[in-house]
Amino acid sequence: MALVALVGRPNVGKSALFNRITETRRAIVEDTPGVTRDRLYEDTDWNGRTFTLVDTGGIWISDDDDLLSMTRAQTEIALNDADVIVFVVDGQAGPTGGDFDVLEILRRTRKPVILAVNKAESPKITGLEFYEFGLGDPVLVSAVHGEGVGDLLDRIVDSLPPQAAMDEEPSGEEIRIALAGRPNVGKSSLLNTLTGEERTLVTPIAGTTRDVVDSVLDIDGQRYVILDTAGLRRPNKISDELEEKTVQRTLDAIRNADIVLLLLAANDQLTAQDQRIAGQIHKARKGCVVLLNKSDLVKGSTVPIQTKAREELKFLDYATIIPISVVTGWHLDMIWPAITQAYQSFTARITTHQLNQLIQEAVHLNPPPTDKGRSLKIYYATQVSTKPPHFVLFVNDPDLVHFSYERYLENRLREKWGFRGSPIQLSFRPRSRREFEQ
């Protein structure tokens, strides 16, 4: 699929334009320069032509700030991959020295460049002063109001390379994987290792990642979308509106994922925030694999650490726990099999006959306790959905279902079919025997 990159100096409205074209709110939009740091990808279409749009961090010349230089390096990766480049400038500010710096970089790419003059809401803005760039007629747009965006998309589609024959699509459905954890536990480093490229910025600075960054992988015909998220801080550490937006996008990524890789620091104590993040995963009913990163810094066996993590994350008792080291590569080969197992459990479907046979055996071996002379009767069970597996049991009175007995039935289901890496849901609905027999 063709790739179109939005580039320009900081704070000219690239992210707002990205959101407008893709009809999403993927990119964080703030007046503060340098909010976007990683590359954001989103498929979109116009007049029957589909392409991938890339939002990038701002380009500027600076040798003083390592983080800014790394952001620029991320943008240059997008330029190398792009088929068409949209050079976004600020129509209200006019041409600046920073724009000319960007222009010099774009000329070296020898790729089609479309000049988009953003913030052109006012009729006083004509864009005439940008003709000195030598890029032909500029397109006047307003990312905020949507004016001129259709004209820009027409130019983009006209500049795309001819439609190539469609590559064979990966078999099976897309598996969405979110990386979650506190700041600076190695999420971005793991993403770069899994994808084999510098997909996100990696620095010792907590909070480097702000957007949810997608990476698409095709492994043996299976398509994976990996979402690197910003580290979740304690609520009292969320100090400004920008970080609140970052946290919300992280929580959305967890809710939209199939499997969540929860990264913990093996060389540090589990914190209340680790448990809060785990609680968000459990609340969203997502498959989960727990990764104890930085295990190379632990002296002796990692078994005690795994045992402690299991004890403190009891509500994620279905998750596989793997000690790893992104730096040394230790046990990274165990991650993909654990993801595969978790997804198989997450999407597992049990036949009605097998399910009812197991429930009958479970009731026979351990009948439900009585409550004031009344006892729970289970008439019938069926699986109603997957992601995660959801089982509905029709009973005489749902109020008679004690938590301990529900847990007993869940344990029997797991003993039989495993469901390793995935939660399962049991629901109890009233149904009289007479209704059932009819």
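Conventions adopted
- Residue positions within a chain follow its written sequence, with the count starting from 1.
- Where local features are concerned, this predicted model is filtered to residues with pLDDT of at least 70; where side-chain atom pairs are given and counted, the filter is 80 or more; whole-chain, interface and lining totals use all residues.
- The basis for the side-chain values is all heavy atoms of the structure; hydrogens and waters are excluded.
- Note on definitions: angles span 0 to 180 degrees between N-to-C directions of axes, and those axes are lines fitted to C-alpha atoms, for helices only across the stretch in contact.
- Elements are defined by DSSP. Helices are runs of H or I of four residues or more, strands are runs of E of two residues or more, and each kind is numbered from the N terminus.
- Any angle that is under 35 degrees is reported as roughly parallel, and any over 145 degrees as roughly antiparallel; angles of 65 to 115 degrees are reported as roughly perpendicular and all others as oblique.
- Each crossing gets its handedness from the near helix: less than a right angle anticlockwise from the far helix is left-handed, clockwise is right-handed.
- Throughout, a residue-residue contact means that at least one pair of heavy atoms, one from each residue, lies within 4.5 Å.
- When residue character is reported, Ala, Val, Leu, Ile, Met, Phe, Trp, Tyr, Cys and Pro are called nonpolar, Asp, Glu, Lys and Arg charged, and the others, Gly included, polar.
- Whether two aromatic rings pair depends on their centres lying within 6.5 Å, for rings of Phe, Tyr and Trp, where Trp uses its six-membered ring; planes under 30 degrees apart make the pair stacked, over 60 edge-to-face, and the rest tilted.
- Think of it in three bands: residues with accessible area under 20% of the maximum for their type are buried, residues over 50% are exposed, and the middle band is partly exposed, with areas taken using a 1.4 Å probe on protein chains only.
- Only one rule defines a salt bridge in this text: a Lys or Arg side-chain nitrogen within 4 Å of an Asp or Glu carboxyl oxygen.
- Two strands form a pair only when DSSP identifies at least two bridges running between them.
- Note on handedness: a clockwise path from strand one over the helix to strand two, with the strands aimed away from the viewer, defines a right-handed crossover.
- Side-chain atoms within 4.5 Å are what join buried Ala, Val, Leu, Ile, Met, Phe, Trp, Tyr and Cys residues into a set we call a nonpolar core.

Colleague: Please clarify how the packing of helix α10 (residues 352-365) against helix α11 (residues 403-417) should be interpreted in this entry.
Modeller: What describes two packed helices is the angle between their axes and the distance between those same axes. At a minimum axis separation of 10 Å, α10 and α11 run at an interaxial angle of 125 degrees. For the element pair α10 / α11, the angle class is oblique. For the crossing formed where α10 meets α11, the hand is right-handed. Counted together, Q354, L355, L358, I359, E361, A362, V363 and L365 of α10 and Y405, Y408, L409, R412, L413, K416 and W417 of α11 form the full contact between these two elements. Split into classes, the residues belonging to the contact of α10 with α11 amount to 11 nonpolar, 1 polar and 3 charged.

Colleague: Whenever I open this one, the packing of aromatic side chains confuses me. Can you help?
Modeller: Aromatic ring pairs are defined here through the distance separating the ring centres and the angle between the ring planes. Throughout the structure, instances matching the rule amount to 7 aromatic pairs. Geometrically, the ring pair formed by F391 and F419 is edge-to-face, given 6.1 Å between the ring centres and 65 degrees between the ring planes. Of this pair, F391 sits in strand β16 (residues 390-395) while F419 is found in the loop between α11 and β17 (425-430), placing the two residues 28 residues apart along the sequence. For the pair shown, F391 and F419 are each scored as buried. When the centroid spacing of 5.3 Å and the interplanar angle of 45 degrees are considered together, the rings of Y405 and Y408 count as tilted. Here the residue Y405 and the residue Y408 both occupy positions in helix α11, the gap between them amounting to 3 residues, near one helical turn. Grouping residues by exposure puts Y405 and Y408 together as buried.

Colleague: Teacher, can you tell me more about helix α1 (residues 14-22) here?
Modeller: Counting buried residues along α1, 8 of its 9 residues qualify, which places the element largely inside the surrounding structure. Every buried residue of α1 is listed here: K14, S15, A16, L17, F18, N19, I21 and T22. Check the buried side of α1 and you find it contacts β1 (3-7), β2 (40-46), β3 (49-55), β4 (84-90) and α4 (149-159). Once α1 ends, the next one or two residues include E23, with phi positive near 55 degrees.

Colleague: Please clarify how the pattern of salt bridges should be interpreted in this entry.
Modeller: Pairs may arise between side chains of opposite charge once their charged atoms sit close together. The final tally for this structure, using the stated rule, is 14 salt bridges. In this structure, R412 engages E415 in a salt bridge whose closest nitrogen and oxygen atoms are separated by 3.3 Å. With a gap of 3 residues between them, R412 and E415 both fall in helix α11, about one helical turn apart. A residue is classified by how much of its surface remains accessible, and R412, at 15% relative accessible area, is buried. Given the relative accessible area of 60%, E415 is considered exposed. One salt-bridge network, in which partners are shared between bridges, spans D317, R407, E410 and R414.

Colleague: Please clarify how the sheet that holds β3 should be interpreted in this entry.
Modeller: Sheets are built from strands paired through backbone hydrogen bonds, the pairs being either parallel or antiparallel. One open sheet holds the 6 strands; their spatial order is β2-β3-β1-β4-β5-β6, and the pairing between them is mixed. The open sheet has two free edges, formed respectively by β2 and β6 (139-140), since each of these has just one partner strand. When β1 meets β4, the two strands line up parallel, connected through 4 bridges. Each residue of the ladder has a partner; that of V7, found in β4, is F87. Set on the sheet, α1 makes contact with β1, β2, β3 and β4; between it and β3 the angle comes to about 155 degrees. Against the sheet, helix α3 (residues 97-109) engages β1, β4 and β5 (113-118), with an angle of about 170 degrees to β4.

Colleague: What's the story with the packing of α1 against α4 in this structure? I'm lost.
Modeller: One can describe the packing of α1 onto α4 by two numbers: an axis separation of 11 Å at closest approach and a directional angle of 85 degrees. As judged from the angle between their axes, α1 and α4 are roughly perpendicular. Counted together, L17, R20 and I21 of α1 and V149, L152 and L153 of α4 form the full contact between these two elements.

Colleague: Would you take a moment to explain the pairing of β17 for this structure?
Modeller: Working note: regular strand, side chains alternate between the two faces of the sheet. When β16 meets β17, the two strands line up parallel, connected through 6 bridges. Paired with F394 across the strands is R429, a residue of β17. In this region the chain leaves β16, passes through α11 and returns to the parallel neighbour β17; the handedness of that crossover is right-handed.

Colleague: It is not clear to me how unusual backbone geometry should be interpreted in this structure. Could you clarify?
Modeller: Across residues other than glycine, the phi torsion is negative in most instances, and most of the peptide bonds are trans. The omega angle of the peptide bond from K387 to P388 is 0 degrees, so this bond is cis rather than trans. Structurally, P388 can be placed in the loop between β15 (378-385) and β16. Residue N11 is not a glycine yet carries a positive backbone phi of 65 degrees. On the secondary structure map, N11 appears in the loop between β1 and α1. With phi around 55 degrees, R285 is a residue other than glycine that occupies positive phi space. Tracing the sequence through the fold places R285 in the loop between α7 (272-283) and β11 (287-293). We classify R285 as partly exposed; its relative accessible area is 40%.

Colleague: Would you mind showing me how to read the nonpolar core here?
Modeller: Nonpolar side chains in soluble globular proteins generally cluster together in the buried interior. Residues L190, L261, V289, L291, I335 and W336 are the most contacted members of the largest nonpolar core, which totals 27 residues. For this core, the elements supplying multiple residues, two or more each, are β7 (175-181), α5 (187-195), β9 (222-228), β10 (259-265), β11 and α9 (335-346). Counting residues per element, this core draws most heavily on α9, which supplies 7 residues. Residues in contact with V289, not counting those within four places in the same chain, are I259, V260, L261, L262, T320, I322, A338, I339 and A342. Counting 26 residues, the second-largest nonpolar core is a separate cluster that includes I254, A257, I281 and V290.

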